[in-house]
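# Descriptive analysis of the structure
Now for the letters of each chain:
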Amino acid sequence: RQGHHPVTEPDYCLISFASTHAALRARQALTGVCPAVVMPVLREISLGCGIAVRFRPEDGAAVRAALAASTLRPDEYAFYGVTGSGAALRAEPLDG
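This report concerns the structure included in the present document. (Residues numbered from 1 in each chain as written. Predicted model: local features only at pLDDT ≥ 70, side-chain atom pairs only at ≥ 80, totals over all residues. Heavy atoms only, no water.)

### A closer look at the packing of aromatic side chains
Worth spelling out the cut-off: Each Phe, Tyr or Trp ring, with Trp reduced to its six-membered ring, pairs with another whose centre is within 6.5 Å; inter-plane angles below 30 degrees give stacked pairs, above 60 give edge-to-face pairs, and intermediate values give tilted ones. Buried residues are those whose accessible area, probed at 1.4 Å on protein chains only, stays under 20% of the maximum for their type, while exposed residues exceed 50% and partly exposed ones sit between those limits.
Taken as a whole and assessed by the stated rule, the structure comprises 2 aromatic pairs. Judged by centre distance (5.7 Å) and plane angle (90 degrees), the ring pair of Y77 and F79 falls under edge-to-face. Of the two residues examined, Y77 and F79, each falls in the buried class. Joined through ring pairs, the aromatic side chains of F55, Y77 and F79 make up one cluster.

As structure tokens, then:
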């Protein structure tokens, strides 16, 4: 977080899913890849089934690779970067 970068690294990242089944398959695909936590999707994210998977920004490449190698289709999930908390919380879509 040092330096003056136009894009701030998120505090954490989330994946939202088109269905509960997709969320469960993603969680299974991430087992052993990185620490990932299943949680309710944030209200700031309207897309999805209500379940999200939270992971650390530094695990982003491994998470993307694991999902790409899984049976999930790219239209079944979306990545978000989350910064702040409470009233200052922001969730921004992350490009593929």
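### A short note on the environment of A18
The condition is simple: Only runs of H or I of at least four residues qualify as helices and only runs of E of at least two qualify as strands under DSSP, and these elements are numbered from the N terminus. Residue contacts are defined here by distance: any two heavy atoms, one from each residue, within 4.5 Å place the two residues in contact.
Structurally, A18 can be placed in the loop between strand 1 (12-17) and helix 1 (20-30). Judged by its relative accessible area of 54%, A18 falls in the exposed class. Residues A18 and Y77, spaced 59 residues apart in sequence, show a C-alpha to C-alpha distance of 6.1 Å. The contact partners of A18, leaving out residues within four places of it in the chain, are C49, D75 and E76.

### Brief notes about the sheet that holds strand 3 (residues 51-55)
To be explicit about the condition: DSSP-based pairing: two strands are paired if at least 2 bridges between them are found. Angles run from 0 to 180 degrees between N-to-C directions of axes, and those axes are lines fitted to C-alpha atoms, restricted for helices to the stretch in contact.
With antiparallel pairing, the 5 strands of this open sheet are ordered in space as 2-3-1-4-5. A strand with exactly one partner marks an edge of an open sheet, and here the two such strands are strand 2 (36-40) and strand 5 (90-93). When strand polarity is set aside, the average angle formed by the axes of neighbouring strands in this sheet is 30 degrees. Examined bridge by bridge, strand 4 (residues 77-83) and strand 5 share 4 bridges and lie antiparallel to one another. Paired with T83 across the bridge in strand 5 is R90. With respect to the sheet, helix 1 is in contact with strand 1, strand 2 and strand 3, its orientation differing from that of strand 1 by roughly 135 degrees. Contacting strand 1, strand 3 and strand 4, helix 2 (residues 60-68) crosses the sheet at an angle of about 165 degrees to strand 4.

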